[in-house]
Amino acid sequence: MSKLRLTKIPASEITPFSVYLKRREFLTGAAAGLGMAVMAGKTALAEPLQSTKSDYVLDEKLTPLKDITTYNNFYEFGLNKSDPVNLSGGFKPKPWAIEVDGMVNKPGTFDIETLIKDFPLEERVYRMRCVEAWSMVIPWDGFQLSHLLDRVEPLASAKYVVFETVVRPSQMPGQSGLFQSLNWPYIEGLRLDEARHPLTLLAVGLYGETLPNQNGAPIRLVVPWKYGFKGIKSIVRITLTDKQPLNTWKATNSQEYGFYANVNPEVDHPRWSQASERRIGEGGFFGANRRPTLPFNGYADQVASLYSGMDLKVNY
Ligand SMILES: Nc1nc2c(c(=O)[nH]1)N[C@H]1C(S)=C(S)[C@@H](COP(=O)(O)O)O[C@H]1N2
Ligand SMILES: [Mo]
């Protein structure tokens, strides 16, 4: 089994030129096949971001930008993988603020632009694994969730962090009665120690560009050792609590989706195996682009200790 390789690069290495190159790459991709996204979602061509290379860079081939931005799960815009790119053009991610409340000393409302200034952005390349047994390798731009948590000073009694997606049916067609699928708002949660782990990111961009609407603009959670549904998009509220929250997918079907959702090749989904995955954007006939799924999605060295003593077949 291939092990996750994390490349150490000095955090001081600012990469405006690579950002520039990526922007060129993006424009080329746009011309090649992103016509719809570009016309519909103006945010897809928003400002380049100034990120520094982080220590958390997976040394694997990046999934092409086109696949990352056209094959999405974002039920607020519809159930099909192409709905988010096609139906999110009217969504307005600016201006935006996140409310942080609950069991903290210093609750507050934080403007995204201010957060990006306060917490320098890092580019982190993470392997992402959807519960539907496909994966991508995505260069995110963001900051550690722990920085924001430090800012609000969680109380000693706080044990969990709850996240909430915006409810805006006028701009999110999947939230209107006609296409009602999940109960809104979309809710996710982490244990506080998971939320504070240095791998846990609040992403505001990818490929050096501000986050496209379909990927969760303007700010979304990224937890690379968990199934993709933990990565809640378009966050408006973060609440510290002492009770495990009921996350949306567990509420929808607790036989199939749990709270922890740690990537685990040994625990099958009731309707399919989790032992292997299809890498999106890589061609190949039949099984040629399938690869084995790794425990904790390849991040076991960093996170397995968070779960010592827990039965992960029970706590899925
Ligand atoms: N608010 C919200 N967040 C969400 C979802 C969603 O439907 N609504 N889908 C989740 C699922 S199942 C996955 S796999 C990832 C997909 O993220 P991506 O489209 O940026 O790859 O977003 C997650 N975050
Ligand atoms: Mo997913």
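Here, residues in each chain are numbered from 1, in the same order as that chain's written sequence. Naming scheme: in the order in which they are written, chains are lettered from A and ligands are numbered from 1. Only residues with pLDDT of 70 or above have their local features reported here, since the model is predicted, and side-chain atom pairs are shown and tallied only from 80 upward, although totals for entire chains, interfaces and linings are computed over all residues. Excluded from the side-chain calculation are hydrogens and water; included are all heavy atoms of the structure.

Novice: Tell me about the overall build of the protein chain, residues and numbers included.
Specialist: A count of helices and strands for the protein chain gives nine helices and 13 strands. For the protein chain, with 316 residues in total, the buried portion stands at 54%. For the protein chain, the computed accessible surface area is about 13800 Å², with 57% contributed by carbon and sulfur atoms. By definition, any uninterrupted DSSP run of H or I lasting at least four residues is a helix, any uninterrupted run of E lasting at least two residues is a strand, and each is numbered from the N terminus. Note on exposure labels: buried denotes an accessible area under 20% of the residue type's maximum, exposed denotes more than 50%, and partly exposed covers the range between, all computed with a 1.4 Å probe on protein chains only. Areas reported here follow the Shrake-Rupley algorithm with a probe of radius 1.4 Å; residue values treat only the protein chains shown as occluding.

Novice: Hey, could you go over the pairing of strand E1 (residues 51–57) for me, with residue numbers and the actual values?
Specialist: Taken across its seven residues, E1 has six buried, putting it largely inside the fold. Across four bridges, the pairing between E1 and strand E4 (residues 121–129) is parallel. Bridge assignment links Lys53 to a residue of E4, and that residue is Glu123. What makes two strands pair is DSSP finding at least two bridges between them.

Novice: Could you give me a rundown of the pairing of strand E5 (residues 134–144), with the residues and numbers involved?
Specialist: Burial of E5 is extensive: eleven of the eleven residues sit out of reach of the surface. What sits between E4 and E5 in their antiparallel hairpin is a turn of four residues, with Ala133 showing a positive phi close to 70°. Note that E5 and strand E12 (residues 276–279) share two bridges and pair parallel. Bridging across to E12, Ser135 finds its partner in Arg279. Relative to strand E8 (residues 201–206), E5 runs antiparallel, the two being bridged by five bridges. Of the residues in E8, the one forming a bridge with Gly142 is Ala203.

Novice: Could you give me a rundown of the side chain of Thr241, with the residues and numbers involved?
Specialist: Mapped onto the elements, Thr241 comes out in strand E11 (residues 235–241). Classification of Thr241 by relative accessible area gives buried; the value is 17%. Any pair of residues with heavy atoms lying within 4.5 Å of one another is described as a contacting pair. Setting aside residues up to four positions removed in sequence, Thr241 forms contacts with Met103, Ala158, Lys159, Tyr160 and Val162.

Novice: Quick one: what's the story with the packing of aromatic side chains, residue by residue and with numbers?
Specialist: Here the aromatic set is Phe, Tyr and Trp, taking the six-membered ring for Trp, and pairing holds for ring centres within 6.5 Å; pairs whose planes are under 30 degrees apart are stacked, those over 60 apart are edge-to-face, and all others are tilted. One pass over the full model with this rule turns up 13 aromatic pairs. Arranged with centres 5.3 Å apart and planes meeting at 65°, the rings of Trp249 and Tyr257 form a pair that is edge-to-face. Across the pair, exposure class does not vary: Trp249 and Tyr257 are buried alike. Centroid distance Phe296 to Tyr307: 5.6 Å. Interplanar angle 15°. Geometry classified as stacked.

Novice: Break down helix H6 (residues 145–152) for me, citing the residues and quoting the values.
Specialist: Taken together, the buried positions of H6 are occupied by Leu145, Ser146, Leu148, Leu149 and Val152. Viewed end-on, H6 has its buried residues packed into an arc of 160°, placing them on one side of the element. Positive backbone phi, approximately 55°, marks Glu153, located one or two places after H6. Directions from the helix axis toward the C-beta atoms define the arc.

Novice: So, the site of ligand 1: which residues are in play, and what are the values?
Specialist: Proximity criterion: a residue is near a molecule or strand once any of its heavy atoms comes within 4 Å of it. With respect to spatial proximity, 15 residues lie near ligand 1, and among them Asn72, Tyr75, Glu76, Gly231 and Lys233 are the closest. Within the side chain of Glu76, a nitrogen or oxygen atom sits 2.8 Å from a nitrogen atom of ligand 1. Distance and chemistry together define a polar contact, namely a pair of N or O atoms within 3.5 Å, with one atom able to donate a hydrogen and the other to accept it when in protein, and with adjacent residues in sequence counting only for side-chain atoms on both sides. Here a nitrogen atom of ligand 1 and a backbone polar atom of Gly231 are 2.8 Å apart. Protein burial of ligand 1: of its 530 Å² of free accessible surface, 95% is covered by the chains. Think of it as three bins: nonpolar holds Ala, Val, Leu, Ile, Met, Phe, Trp, Tyr, Cys and Pro, charged holds Asp, Glu, Lys and Arg, and polar takes everything else, Gly as well. Residue composition of the shell around ligand 1, by class: six nonpolar, six polar and three charged.

Novice: Residues and numbers for the sheet that holds strand E3 (residues 108–111), please.
Specialist: Strand order in the open sheet formed by five strands is E3-E2-E11-E6-E7, and the pairing between neighbours is mixed. Both outer strands of the open sheet, E3 and strand E7 (187–191), are each paired with one neighbouring strand and no more. Along the sheet, successive strands turn relative to each other by an average axial angle of 20°, direction set aside. Axis definition: a line fitted to C-alpha atoms, limited for helices to the stretch in contact. Angles are taken between N-to-C directions and run from 0 to 180 degrees.

Novice: Go over the confidence of the model for the protein chain with me, naming the residues and quoting the values.
Specialist: As a per-residue quantity, pLDDT reports the predictor's confidence and falls between 0 and 100. On average, residues of the protein chain score 88 in pLDDT, and 84% of them reach the 70 mark or higher. For residues 1–21, every residue scores under 50 in pLDDT, and the model assigns this stretch 37 contacts once sequence neighbours within four places are set aside. Under a pLDDT of 50 for its full length, residues 26–44 has, in the predicted model, 27 contacts with residues more than four places off or in other chains.

Novice: Which residues make up unusual backbone geometry, and what values do they have?
Specialist: Omega for the bond connecting Lys94 with Pro95 falls within 30 degrees of zero, at -10°, which places this linkage in the cis form. Mapped onto the secondary structure, Pro95 falls in the loop between helix H4 (83–87) and strand E2 (97–102). With omega at -5°, the peptide bond leading from Ala217 into Pro218 counts as cis. By the element assignment, Pro218 lies in the loop between strand E9 (209–210) and strand E10 (220–222). Phi is positive for Glu153, close to 55°, though the residue is something other than glycine. By the element assignment, Glu153 lies in the loop between H6 and strand E6 (160–165). On the accessibility criterion, Glu153 (29% relative accessible area) is partly exposed. Its identity is not glycine, yet Ser234 carries a phi of approximately 45°, on the positive side. Within the secondary structure layout, Ser234 lies in the loop between E10 and E11.

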